Amino acid sequence: MATSSGDPDTTVADSALADALARGPFHVALREAISARGLGLDRLRHRLLARGLPVSTTSLSYWQHGRTRPEQPKSIEAVAALEEILRLPDHSLRRLLGPRRARGPRSLRARQSRPEAVIGGGAAMRELCDRMPLAREHQIDIVTQQVTATIDDQGRDAGHEVSMLVRARRDGVDRHVALFRGDRGCDIDAVRVAPYRDCVIGTVVRHPDEPMLLAEVLFGTTLSQGESHLIEFEVIDGTSEPATRYGHGFRYPVERYTLQVRFSPRLLPRRVFGFAQSRLDVKLRETGDITLNNWLTAQVSHSDVKPGALGIGWTW
């Protein structure tokens with residue numbers, strides 16, 4: 001009678017792991033390795049922490065599902081440690097990361113990271129930040145940000161929805177400060193900031209003379225350094241005069257940014273184009289024409305965005 005020298009399930013698992021390590025991608029290989037070794041993410045986090053490498057369970061989960069990937073030096077060091085902890089060949093996971101992601105189109109670089117340096121508004125924005133000093137602090141990194149703006153049938157900016165995956169730069173981070181600067185004619189007292197998912201809106205401060213506000217978007221939890229959190233909220237306007245562009249200012253780098261502008265079928269633009277600026281109140285530089293899709297939506301998407309401003313403009 002023939003006998004087997006190993007557990008069939010283990011053999012299958014090892015085969016799947018070997019195939020994932022040979023072919024990738026990184027997140028599949030990491031997931032197979034974690035499954036094959038039977039270690040939970042919390043145990044992995046503790047073992048990494050014992051080596052002086054703080055990585056949250058959220059980050060580990062995102063790595064193994066391909067939502068984000070390790071790129072910073074400390075993260076690469078953590079991957080090297082994972083190879084040892086998971087009993088994998090040296091460099092077997094790191095080689096699957098390949099080179100850093102290619103850089104896409106950038107915004108025009110702003111000289112400073114102060115809010116007014118990219119949002120504009122000068123003294124008025126500085127006054128708001130004096131009332132909410134946290135707006136000037138760099139507490140989070142933005143991993144991904146998706147903004148969808150809606151233009152109504154009168155050509156006005158009716159508001160926009162924001163989805164952000166943020167990562168804490170230090171322990172104890174529990175909020176993001178959103179900045180809004182309305183178009184000409186905007187009644188800032190009528191603009192509302194509303195939570196949509198996994199956040200609540202805290203203090204909102206409005207400028208008495210200019211169409212600007214700052215709003216605290218509270219996570220409802222406190223993040224440790226390196227831990228991530230996904231928030232979704234919306235800014236509801238509809239009080240401005242007809243708009244001809246929607247721009248977004250970046251004080252700090254963003255790994256992935258996507259902007260959509262949706263138009264009403266009752267009023268469509270004659271031409272749509274992308275643009276970049278050093279800040280939102282200076283002359284824009286066009287970056288190319290954009291064709292509306294079947295849903296009457298214009299879209300731009302950029303990787304590795306630097307401080308400055310990007311947006312979509314149009315003519316009626």
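First, a word on what this report is: a plain description of the structure on this page. All values reported here derive from a predicted model rather than from experimental measurement.

In terms of regular secondary structure, the chain is built from eight helices and 13 strands. Each of the 316 residues in the chain was classed as buried or not, and the buried ones make up 45%. Here the contacts in the chain between residues at least 6 apart in sequence split such that 73% fall between residues at least 24 apart. Accessible surface computed for the chain: about 16000 Å², of which carbon and sulfur atoms make up 47%.

What follows concerns the packing of aromatic side chains. Taken as a whole and judged by the stated rule, the model has four aromatic pairs. Relative to Trp316, the ring of Trp314 has its centre 6.2 Å away and its plane inclined at 75°; by these criteria the two rings are edge-to-face. Overall, the relative accessible area of 27% leaves Trp316 in the partly exposed class. Aromatic ring contacts, followed pair by pair, group Phe263, Trp314 and Trp316 into a single cluster.

Let us look at the pattern of salt bridges. Two side chains of opposite charge can pair, provided their charged atoms sit close to one another. For the structure shown, the criterion picks out 17 salt bridges. Notably, a salt bridge pairs Glu232 with Arg197, separated by 2.7 Å at the nearest N-O pair. Linking Glu232 in strand S7 (residues 228–236) with Arg197 in strand S4 (residues 192–197), this pair joins segments that are 35 residues apart in sequence. The class for Arg197 is partly exposed, based on a relative accessible area of 40%. Salt bridges sharing partners connect three or more residues here, namely Glu83, Asp90 and Arg94.

Spatial ordering of the open sheet is given by S8-S13-S10-S11, a layout of four strands whose pairing is antiparallel. In this open sheet, the two edge strands, each paired with only one partner strand, are strand S8 (245–250) and strand S11 (285–289). Going from strand to strand, the sheet's axes swing by 20° on average, the running direction of each strand aside. Two elements, strand S10 (residues 271–277) and strand S13 (residues 308–315), share seven bridges in a ladder whose sense is antiparallel. Its bridge partner lying in S13, Arg271 is registered against Thr315.

With that settled, the discussion passes to unusual backbone geometry. The phi dihedral of Asp198 falls on the positive side, at around 60°, and the residue is not glycine. Looking at the element boundaries, Asp198 is found in the loop between S4 and strand S5 (200–206). In the Ramachandran plot, Leu296 falls in the positive-phi region, its phi being about 60° despite a non-glycine side chain. Owing to a relative accessible area of 22%, Leu296 belongs among the partly exposed residues under this scheme.

Strand order in the open sheet formed by three strands is S3-S6-S5, and the pairing between neighbours is antiparallel. Lying at the two open borders of the sheet, with one neighbouring strand each, are strand S3 (173–181) and S5. Strand-to-strand twist of the sheet, defined as the mean angle between neighbouring strand axes without regard to direction, takes the value 20°. With five bridges connecting them, S5 and strand S6 (residues 212–223) associate as antiparallel partners.

Turning our eyes to something else, we now look at the packing of helix H2 (residues 26–37) against helix H4 (residues 57–65). Here H2 crosses H4 at 115°, and the two axes come no closer than 6 Å. Residues Phe26, His27, Leu30, Arg31 and Ile34 of H2 touch H4, and the partners they reach there are Trp63, Gln64 and His65. Residue composition of the contact of H2 with H4, grouped by class: four nonpolar, three polar and one charged.

Another point: the side chain of Gln139. Among the structural elements, Gln139 can be located in the loop between helix H8 (123–131) and strand S1 (140–151). Of the residues examined, Gln139 reaches a relative accessible area of 9% and is grouped as buried.

What counts and how
Residues numbered from 1 in each chain as written. Predicted model: local features only at pLDDT ≥ 70, side-chain atom pairs only at ≥ 80, totals over all residues. Heavy atoms only, no water. Helix = DSSP H or I, 4+ residues; strand = E, 2+ residues; numbered from the N terminus. Buried < 20%, exposed > 50% of the residue type's maximum accessible area, 1.4 Å probe, protein only. Contact = heavy atoms within 4.5 Å. Areas by Shrake-Rupley, 256 points an atom, 1.4 Å probe, with all protein chains shown as cover. Phe/Tyr/Trp six-rings, centres within 6.5 Å; stacked < 30°, edge-to-face > 60°. Salt bridge = Lys/Arg side-chain N within 4 Å of Asp/Glu carboxyl O. Pairing = 2+ DSSP bridges. Axes fitted to C-alpha atoms, helices over the stretch in contact; angles between N-to-C directions. Nonpolar A, V, L, I, M, F, W, Y, C, P; charged D, E, K, R; others polar.

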